[in-house]
Amino acid sequence: MSLAILTYILGGLTFGSALMVVLAPHPVRSVLYLILTFFFISGNYILLNAQFVAVVNIIVYAGAIMVLFLFVLMLLNLSKENEPKTKNVAKFAAVVASGILAVVLIAATKDTMILQSGYQTSDNAQGLVEGLGQLLFTKYVLPFEISSVLFLSAMVGAVLLAKREKQITNEL
Amino acid sequence: MDTGLIIEKSLLVLAVFGITLLIATYLTYFERKVAAWLQDRIGPDRAGPFGILQPLADAGKMFFKEDFIPRNADKWLFILGPGIAMFTALMTGAVIPWGPNIEAFGRSISLQIADINIGILFIMGVLSIGVYGIMIGGWASNNKYSLFGAIRASSQMISYELAMGISVITIVMMTGSLSLRDIVDGQHGSFGMGWNVFYQPVCFLVFFITALAETNRAPFDLPECESELIGGYHTEYGSMKLGFFLFAEYINMFISSAVIAALFFGGYNFPGMDAFSGNTLAILGTLAFFGKIVFFIFVFMWIRWTLPRFRFDQLMHLGWKSLIPISLINLLITGLVIAFNEGWF
């Protein structure tokens, strides 16, 4: 079936570009691969008939957050020569932490079963705007509102940090 | 999938692609003529009658220039930059409803390539990735001026996308749909004049200003500000790669005029449209839509040759401290009015 083949191709591309994020030699290229990964993830959402989620994923992640990432990386202008030296302890800690994460991920996914082969696309209106809106404002209204409060607190925190720096310079 | 649909959609894709490129080509001529008219000059008049062949001459010049890549540039990203700019500029035409349905060959042909139910979000998404062309091109040039241009472009885009998004949400609230066709059909009103601009003038103003900023047009053309940054992000570019960047700007201008006309000026609705039906209506509606687009393109040019460029702090001030609060208040008032009309109070 063509849809199943498409699923495998898209999955492979997603995986490959995600791998290239880690393997790319230059940080700017890593970010570009990450953007590509977001596009492939959106493709997976579209296969699941979740067009709204797919487009929002592109607008928010690929279009806004990644632009800021790229912005910062371009300003830093990192390269092999002026890469900050990391201590061996830090490298060791990073290896241990990512190893533990890998164990958790494997433990979480080892007992999963494939309930049905391929994607189920027919009359799945959950990812469309109406279905998602209904769910967000009825069943999941509390987590939805709490996450918005979380965003607000993050914004207030950012404003506070920026303000404090200004006050210090004024005193000097 | 029936064959008729595939043929119909392929032809429509080709037509939209061709018309977009043709209009963008002649916009370069139109811009120079408008500039000349506003500055009391004659403008290009050598190539052909009234200089009508000028765009062809320009394109020929661009093609035959040496395709040069600076030695310290990141080669592949340098090539990718203009490609992305052009690609994203051409993609938005797919969801714009160009006219009412045409009846031909015993079937009703929709003059819209894809009526996806999230049409307006698709446009916002493509717009938000459009900045990558400028950013990647500017960074890959390995030139300080280009980098400045790229950074300015990205910060400007991010700042103005917010206000644009909020004003789009206001229109979506008015219509209750994210599909562009539904938004256009919802503006039919009593005799084709139920345009959103009469209900949402503030929203239109905010959207128009942000559209100017998103297309990098003066007075928001800081990414390519020639008096400070030589040429901004395309300083190192030449030949057709530069042509792609410049061309993408004109396509963006055409598409944003189309979106403004569709969201606020009724799209293919025109006063007295109820007197017509069938194919006559479709042709007249499409003509009306293109008339509105040409008018907004003219306004874009008029503004470019009238207003001086903003300073960068003024740009940020306008975006964050004026446009976003105004559009938020407008959104709140619209919500309250809609709730009142639904009988909530």
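Conventions used here
Within each chain, residue numbers correspond to sequence positions counted from 1 in written order. For this description, chains carry letters from A and ligands carry numbers from 1, given in the order in which they are written. In keeping with the predicted nature of the model, local features appear solely for residues at pLDDT of at least 70, side-chain atom pairs appear and are counted solely at 80 or more, and the whole-chain, interface and lining totals rest on all residues. Excluding hydrogens and water, the side-chain figures rest on all heavy atoms present in the structure. Numbering of helices and strands runs from the N terminus; a helix is a DSSP stretch of H or I covering at least four residues, while a strand is a stretch of E covering at least two. Throughout, exposure labels follow a simple rule: accessible area from a 1.4 Å probe, protein chains only, divided by the maximum for the residue type, with under 20% read as buried, over 50% as exposed, and the rest as partly exposed. In what follows, a contact means two residues having at least one pair of non-hydrogen atoms within 4.5 Å. Any helix carries an expected span of 1.5 Å times its number of residues minus one. Using a 1.4 Å probe, buried area is obtained as the accessible area two parts lose upon being combined, added over both of them. Within this document, salt bridges are pairs made up of a side-chain nitrogen of Lys or Arg and a carboxyl oxygen of Asp or Glu, the two lying within 4 Å of each other. Here a polar contact means two N or O atoms within 3.5 Å. Within protein one must be a hydrogen donor candidate and the other an acceptor candidate, and residues neighboring in sequence count only if both atoms are side-chain atoms. Any two rings among Phe, Tyr and Trp, with Trp reduced to its six-membered ring, count as a pair given centres within 6.5 Å; such a pair is stacked if its planes are under 30 degrees apart, edge-to-face if over 60, and tilted if neither. When the NZ atom of lysine or the CZ atom of arginine is within 6 Å of a ring's centre and also within 35 degrees of its normal, the charge is said to sit over that ring. Each patch is built from residues lacking any salt bridge and having more than 30% relative accessible area; the joining distance is 9 Å for like charges and 5 Å for nonpolar side chains (Val, Leu, Ile, Met, Phe, Trp, Tyr). Here, Shrake-Rupley sampling with a 1.4 Å probe gives the accessible areas, and only protein chains in the shown set may cover a residue. Confidence of the prediction at every residue is given by pLDDT, a number between 0 and 100. Only protein atoms enter the calculation, which uses a 1 Å grid: trapped sets of points that fit a 1.4 Å probe without letting it out are cavities, open sets showing protein on both sides within 12 Å along at least five of seven lines are pockets, and any residue with an atom within 4 Å of a point is a lining residue. Grid points are joined across faces, edges and corners, and a volume is the space filled by probe spheres set on the points.

*Asks:* Looking at this model, I keep getting lost on the overall build of chain A. Mind explaining?
*Replies:* Check the secondary structure of chain A and you find six helices and zero strands. Taken from N to C terminus, the helices and strands of chain A fall in the order α-α-α-α-α-α. The buried share of chain A, reckoned over its 172 residues, is 20%. Contacts in chain A between residues far apart in sequence, at least 24 positions, make up 60% of those at least 6 positions apart.

*Asks:* Mind showing me how you'd approach helix H10 (residues 239–264) of chain B here?
*Replies:* An α-helix turns once per 3.6 residues; consequently, residues spaced three or four apart project the same way. All names here are of chain B. Helix length check: H10, at 26 residues, gives a terminal C-alpha distance of 38 Å against a target of 38 Å (1.5 Å per residue), a fit within 8%. In terms of burial, H10 is largely enclosed, as 22 of its 26 residues are buried. Where H10 terminates, the next one or two residues include Gly266, which has phi positive at roughly 75 degrees.

*Asks:* What is the right way to read the side chain of Thr210 of chain B from this model?
*Replies:* Counting through the fold element by element, Thr210 of chain B comes out in helix H8 (residues 201–214). Setting aside its immediate chain neighbours within four residues, Thr210 of chain B contacts Tyr160, Ala163, Met164 and Leu323 of chain B.

*Asks:* Please clarify how the interface of chain A and chain B should be interpreted in this entry.
*Replies:* Many descriptions give the size of an interface as the accessible area lost when the pieces come together. Taken residue by residue, the interface counts 24 residues in chain A and 23 residues in chain B. When the two sides are added together, the surface that chain A and chain B hide from each other amounts to roughly 2,000 Å², 78% of it contributed by carbon and sulfur. The three residues of chain A that bury the most area against chain B are Val67, Phe71 and Met74 of chain A, which together make up 27% of that side's buried surface. On inspection of chain A and its partner chain B, the count reaches zero salt bridges. Applying the counting rule to chain A against chain B returns two residue pairs in polar contact (both at pLDDT 80 or more). Of all the secondary-structure elements, those providing two or more residues to the side of chain A that touches chain B are helix H2 (27–47) and helix H3 (51–76) of chain A.

*Asks:* Teacher, can you tell me more about the packing of aromatic side chains here?
*Replies:* Taken as a whole and assessed by the stated rule, the structure comprises 22 aromatic pairs over all chains. An angle of 25 degrees between the planes, with centres 5.2 Å apart, marks the rings of Phe38 of chain A and Tyr61 of chain A as stacked. Of the two residues, Phe38 of chain A is situated in helix H2 and Tyr61 of chain A in helix H3; the sequence distance between them amounts to 23 residues. Ring geometry for Trp98 of chain B against Phe254 of chain B: centres 5.9 Å apart, planes inclined by 10 degrees, an arrangement best described as stacked. With Trp98 of chain B in the loop between helix H3 (75–91) and strand S1 (102–104) and Phe254 of chain B in helix H10, this pair connects stretches of sequence that are 156 residues apart. You'll find Trp98 of chain B and Phe254 of chain B in the same group, each marked buried. One aromatic cluster is present, formed by Trp195, Phe204, Phe207, Phe208, Phe264, Phe265, Phe295, Phe296 and Phe300 of chain B through successive ring pairs. Positioned over the ring face of Trp76 of chain B is Lys75 of chain B, at 5.1 Å from the centre of the ring.

*Asks:* What should I look at first to understand a nonpolar patch on the surface in this one?
*Replies:* All names here are of chain A. Residues Phe15, Leu19, Met20, Val22 and Leu23 make up a contiguous nonpolar surface patch of roughly 520 Å² in combined accessible area. With respect to the element layout, Met20 can be found in helix H1 (residues 2–23). Of the residues examined, Met20 reaches a relative accessible area of 30% and is grouped as partly exposed.

*Asks:* Sorry if this is basic, but what is going on with the pattern of salt bridges here?
*Replies:* Where charged atoms from two side chains of opposite charge come close, those side chains can pair. All names here are of chain B. Considering all chains together, one arrives at five salt bridges over all chains under this definition. In this structure, the salt-bridge partner of Asp67 is Lys241, at a minimum N-O distance of 2.7 Å. You can see Asp67 sitting in the loop between helix H2 (54–64) and H3 and its partner Lys241 sitting in helix H10, a full 174 residues away along the chain.

*Asks:* Which parts of the structure should I look at to understand the side chain of Thr88 of chain B?
*Replies:* All names here are of chain B. Along the chain, Thr88 falls in helix H3. A distance of 3.2 Å separates the side chain of Thr88 from the backbone oxygen of Ala85, its partner in a polar contact. Apart from residues no more than four positions distant in its own chain, Thr88 is found in contact with Val126, Ile129 and Gly130.

*Asks:* Looking at this structure, how should I read unusual backbone geometry?
*Replies:* Apart from glycine, the bulk of residues carry a negative phi angle, and the bulk of peptide bonds sit in the trans form. Residue and element names in this part refer to chain B. Residue Asp40 is not a glycine yet carries a positive backbone phi of 60 degrees. Within the fold, Asp40 resides in the loop between helix H1 (3–38) and H2. Accessibility expressed as a relative area gives 73% for Asp40, which makes it exposed. Not every positive phi belongs to a glycine, and Asn142 is a case in point at roughly 60 degrees.

*Asks:* Just to check I follow, could you spell out the confidence of the model for chain B for this structure?
*Replies:* Interpretation of the predicted coordinates at a detailed level should be avoided for regions scoring low in pLDDT. Confidence in the prediction for chain B averages 83 pLDDT; 99% of positions are at 70 or higher. Overall fold confidence (pTM) sits at 0.83, and the ipTM for the predicted complex is 0.79.

*Asks:* When you look at empty space enclosed by the protein in this model, what are you seeing that I'm missing?
*Replies:* Rolled over the atoms, a probe as big as a water molecule pinpoints where empty space is left. Residue and element names in this part refer to chain B. The tally for this structure, following the rule as stated, stands at one cavity of 30 Å³ or more. Here the largest cavity is characterised by a volume of approximately 390 Å³. As for the largest cavity, its lining consists of 29 residues, and the residues nearest its centre are Leu127, Met157, Glu214, Thr215 and Asn252. Those elements that place two or more of their residues in the lining of the largest cavity are H3, helix H4 (119–140), helix H5 (144–175), H8 and H10.

*Asks:* Help me understand the environment of Ile109 of chain B, please; the structure alone is not making it clear to me.
*Replies:* All names here are of chain B. By the element assignment, Ile109 lies in strand S2 (residues 107–109). Residues Ile109 and Lys33, spaced 76 residues apart in sequence, show a C-alpha to C-alpha distance of 37 Å. For Ile109, the contacting residues outside a window of four places in its chain are Glu8, Asn101, Ile102 and Ala104.

*Asks:* Looking at this model, I keep getting lost on the environment of Gly12 of chain A. Mind explaining?
*Replies:* All names here are of chain A. Here Gly12 shows up in helix H1. On the basis of relative accessibility, which here comes to 42%, the residue Gly12 falls in the partly exposed class. Sequence-wise, Gly12 and Arg164 are 152 residues apart; in three dimensions their C-alpha atoms are separated by 47 Å.

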